[in-house]
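Secondary and tertiary structure notes
If you want the building blocks of each chain, they are given just below.
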Amino acid sequence: MRSVLRMNHLSLSELCCLFCCPPCPSKIASKLAFLPPEPTYSLMSDDSGSRWTLHLSERADWQYSAREKDAIECFMTRTSRGNRIACMFVRCSPSARYTLLFSHGNAVDLGQMSSFYIGLGSRINCNVFSYDYSGYGASSGKPSEKNLYADVDAAWQALRSRYGIRPESVIVYGQSIGTVPSVDLASRYESAAVILHSPLTSGMRVAFPDTKKTYCFDAFPNIDKISKVTSPVLVIHGTEDEVIDFSHGLALYERCQRPVEPLWVEGAGHNDVELYGQYLERLKQFVAHELVNL
């Protein structure tokens, strides 16, 4: 589940973009953050345009049988900014009480994530609903910060209207760059819970670790939105994260209104947290026991 944020090494031109006059937050975000891969899947619609078939390429690295693939439903929906984004609903468990609204990391698309969703959902007894950002996979448009927020809004509305799932049954899950739309959504809508996996505080704070405040030209200001989230928040971060420093997860945890016991994965980096046994154990505990009693 490869997730990359291209903010560690800035060229002279990118530095100029950061401090241009007037500042251009959307240009900063697109230059420094988004790395959409070559699509690993395609969606084909029937004559009515209401039913879509998922075709995975070899690069999607599908790890299951056709039976599991039949449990995946895909469709397209339109955002408020006019883009059509691909959505994926993975039915992992008939007894699932919760559905994860999963905003994935960078440099991956729904095809590459599909096997992970089945494995994760079946192990923690949750269904998974995910989507590709504008410009990723089969989604149209270009990646941008504004499109991220419109994309997650469209996914939230589709999950609620198409499947009739109530907010109290949704767990908003964001990984890496996916924590940006997740925090934004959760600051505006209450849900069962929020899970932030390797989150960032803001774009400037990733690029320049000594940054202490949010500038008007900063991108992805999670640190200013997290205190508006009224749902319980579980923060997960590797202590040796080489892309988004562990201090980002800690700072967000300290600003939460309703934090639960976080998971600091000792020795884990940015792309291997889910390989540690305590990752699944913490999620199981949170979903099966803690959420029921909150």
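Here the structure is a predicted model, which is why all the values come from computation and not from measurement.

Residues with a pLDDT of 70 or more make up 89% of the protein, whose mean pLDDT is 91. With pLDDT under 50 throughout, residues 14-23 is counted as low confidence; its partners more than four residues away or in other chains account for 19 contacts.

Further remarks concern the packing of helix α5 (residues 145-163) against helix α6 (residues 179-186). Interhelical geometry of α5 versus α6 gives an angle of 65° and a closest axis separation of 9 Å. In this structure, α5 crosses over α6, and the sense of that crossing is right-handed. Along its contact with α5, which presents Leu148, Tyr149, Val152, Asp153 and Trp156, the element α6 presents Val180, Pro181, Asp184 and Leu185. When the residues that make up the contact of α5 with α6 are grouped by side-chain class, the tally is 7 nonpolar, no polar and 2 charged.

Let us now look at the packing of helix α4 (residues 110-124) against helix α10 (residues 277-293). Look at α4 against α10: their axes get within 9 Å of each other, and the N-to-C directions meet at 50°. In terms of axis orientation, α4 runs oblique to α10. For the element pair α4 and α10, the recorded crossing hand is right-handed. Facing Phe116, Leu120, Arg123 and Ile124 of α4, the residues of α10 in contact are Tyr279, Leu280, Leu283, Lys284 and Val287. Taken together, the residues of the contact of α4 with α10 break down into 7 nonpolar, no polar and 2 charged.

Looking down a regular strand, the side chains alternate between one sheet face and the other. The buried fraction of strand β7 (residues 170-175) is high, at 6 of 6 residues. Residues Val170, Val172 and Gly174 line one face of β7 and the alternating positions Ile171, Tyr173 and Gln175 line the opposite face, and both faces are buried. Examined bridge by bridge, strand β5 (residues 98-103) and β7 share 5 bridges and lie parallel to one another. Pairing of Thr99 across the sheet is with Val170, part of β7. Where β7 lies against strand β8 (residues 193-197), 5 bridges are found, and the strand directions are parallel. Across the sheet, residue Gln175 finds its bridge partner in β8, namely His197. In terms of handedness, the path from β7 via α6 over to β8 forms a crossover that is right-handed.

Conventions used here
- Residues numbered from 1 in each chain as written.
- Predicted model: local features only at pLDDT ≥ 70, side-chain atom pairs only at ≥ 80, totals over all residues.
- Heavy atoms only, no water.
- pLDDT = per-residue confidence, 0-100.
- Contact = heavy atoms within 4.5 Å.
- Axes fitted to C-alpha atoms, helices over the stretch in contact; angles between N-to-C directions.
- Helix = DSSP H or I, 4+ residues; strand = E, 2+ residues; numbered from the N terminus.
- Left-handed = near helix turned anticlockwise from the far one by under 90°.
- Nonpolar A, V, L, I, M, F, W, Y, C, P; charged D, E, K, R; others polar.
- Parallel < 35°, antiparallel > 145°, perpendicular 65-115°, else oblique.
- Buried < 20%, exposed > 50% of the residue type's maximum accessible area, 1.4 Å probe, protein only.
- Pairing = 2+ DSSP bridges.
- Right-handed = clockwise from strand over helix to strand, strands pointing away.

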